[in-house]
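Residues per chain are reported as follows:
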Amino acid sequence: MRAKLMEMLESRKDEMIEIRRYLHQNPEISFKEEKTAQYIIDFYKGKDVEVQTNVGNGYGIIVTIKGGKPGKNIGLRADFDALPIVEEADVPFKSKNEGVMHACGHDGHTAYLLVLADCLIQLKDELPGTIKIIHQHAEEVPPGGAKSIVESGVLDDLDNVFGIHLLPMGPSGVVGYHAGYSFNGRAYLKLKIQGRGGHGSSPHLANDAIVAGAHFVTAAQTIISRRLSPFDIGVITIGSFDGKGTFNVIKDSVELEGDIRYMTVETKETIEKEVRRLVKGLEEEFGVTCELTYENDYPPLYNDPELTEKVATILKNANDQDIKEVKEFPAMSPSEDFAYYAEKFPSCFFYIACTPKGVEEPYFNHHPKFEIDEDALLVAAKAVGHVVCGYYDMK
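Keep in mind that what you see is a predicted model, and the values were worked out from it rather than measured. (Residues numbered from 1 in each chain as written. Predicted model: local features only at pLDDT ≥ 70, side-chain atom pairs only at ≥ 80, totals over all residues. Heavy atoms only, no water.)

Draft legend 1. Main features of the UniProt feature "binding site: Mn(2+)" (unreviewed entry) in the chain. Mapped onto this numbering, the UniProt entry annotates "binding site: Mn(2+)" (unreviewed entry) at Cys104, His106, Glu140, His165 and His366. Across 263 residues of sequence, these annotated residues stay compact in space, with a maximum C-alpha separation of 13.3 Å. If you take the residues mentioned a moment ago, the ones lining the largest pocket come down to Cys104, Glu140, His165 and His366. Positionally, cysteine 104 belongs in the loop between β3 (69–79) and α4 (106–122). Accessibility expressed as a relative area gives 7% for cysteine 104, which makes it buried. Residue position: glutamate 140 is located in the loop between β4 (128–136) and α5 (146–152). Given the relative accessible area of 13%, glutamate 140 is considered buried. (UniProt positions renumbered as here; feature names shortened; annotations may be inferred. 1 Å grid on protein atoms, 1.4 Å probe; cavity = no way out; pocket = protein on both sides within 12 Å on 5 of 7 lines; lining within 4 Å. Helix = DSSP H or I, 4+ residues; strand = E, 2+ residues; numbered from the N terminus. Buried < 20%, exposed > 50% of the residue type's maximum accessible area, 1.4 Å probe, protein only.)

Draft legend 2. Fine view of the sheet that holds strand β8 (residues 185–194). The strand order β10-β12-β8-β13 describes an open sheet built from 4 strands, whose pairing is antiparallel. Since the sheet does not close on itself, it has two edges, and those belong to β10 (234–242) and β13 (289–296), each with one partner. Each adjacent strand pair in this sheet contributes to an overall mean axis angle of 15°, direction not counted. Here 8 bridges tie β10 to strand β12 (residues 253–262), and the two strands are oriented antiparallel to one another. Directly across from isoleucine 238, in β12, lies its bridge partner glycine 258. Each of β8, β10 and β12 touches helix α6 (residues 209–226); the most contacted strand, β10, lies at about 165° to it. Those strands touched by helix α7 (residues 265–286) are β8, β10, β12 and β13, and its axis lies near 170° from that of β13. (Pairing = 2+ DSSP bridges. Axes fitted to C-alpha atoms, helices over the stretch in contact; angles between N-to-C directions. Contact = heavy atoms within 4.5 Å.)

Here it is as structure tokens:
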């Protein structure tokens, strides 16, 4: 079956590219991917599969491929939302939707998985188990789509979940993996500090919210430098400080927003505890009142070590002309809501290199000039196809 599957994928490489380019020209932002979802649904029309739509808190789609033999159940996930970015990439299939761009590779994720799924549908009588294709909406914007899909219960019968991400971290043909904690978790904070306004000449008659806010910005960094172990990873970024006023007027209130990243659940808990403690101290020290919004968005993504080692071994032994190198990648500092699948099931999220040919310093994901080598689409399809065959021990 493996040889048959690889031959089918190779013959449909151009179709993957065509699908990717169509999706690239017609991007839709998170939670508004109505037309993209319909395109995916239409792709499966007339095929012998069960298709569930509007799964979770948006346009999630689950396609169930029931194998002809009993066996384990796995999920294969690809996201399909785009970003609110004005595209600057010089490609003939540029986004038609002004201010929206597939700048993270989700168009490629969807394209490869649609074709791989169709090939698996044609070979399903040989499958010893069930494969659920997870076409996931809204990866980019919290609360994301993954959490709600997991909570819907439609995946409760799965044993493991696999996913990939296109990354410009090498030429097409390179596949990366990382066991254990692999992507940062993320939290969001908003802090409103209420003081008392006044004239700049009479600070004793006022209570300066800007001074309290400035102290918070500086003190928050000591959480990272003095409350975390030097071996832990954590970042607190205050990206917005809204204190605009008049130069000689003491501001009565300010509002701050921040982004928090962490690599382990333990670090997440430490940072949140210390932020809350710092806010309480701010009220006591400066005599202000504080309103804190603290939301844990995506958890750290944990790749099951045993399953990840199995994936790496399968790919290293694939003897495939399109998979030229399989190597360990470092942990990644961004966040990924695939982490919700990995919380529920032992999972593996691995990487497909896609640096455009002849480019030494590629633009990374989320950049307005982000591009991929479309040869990586076939590499993605074949890599996941090899993993499926190796998982089921199908020759």
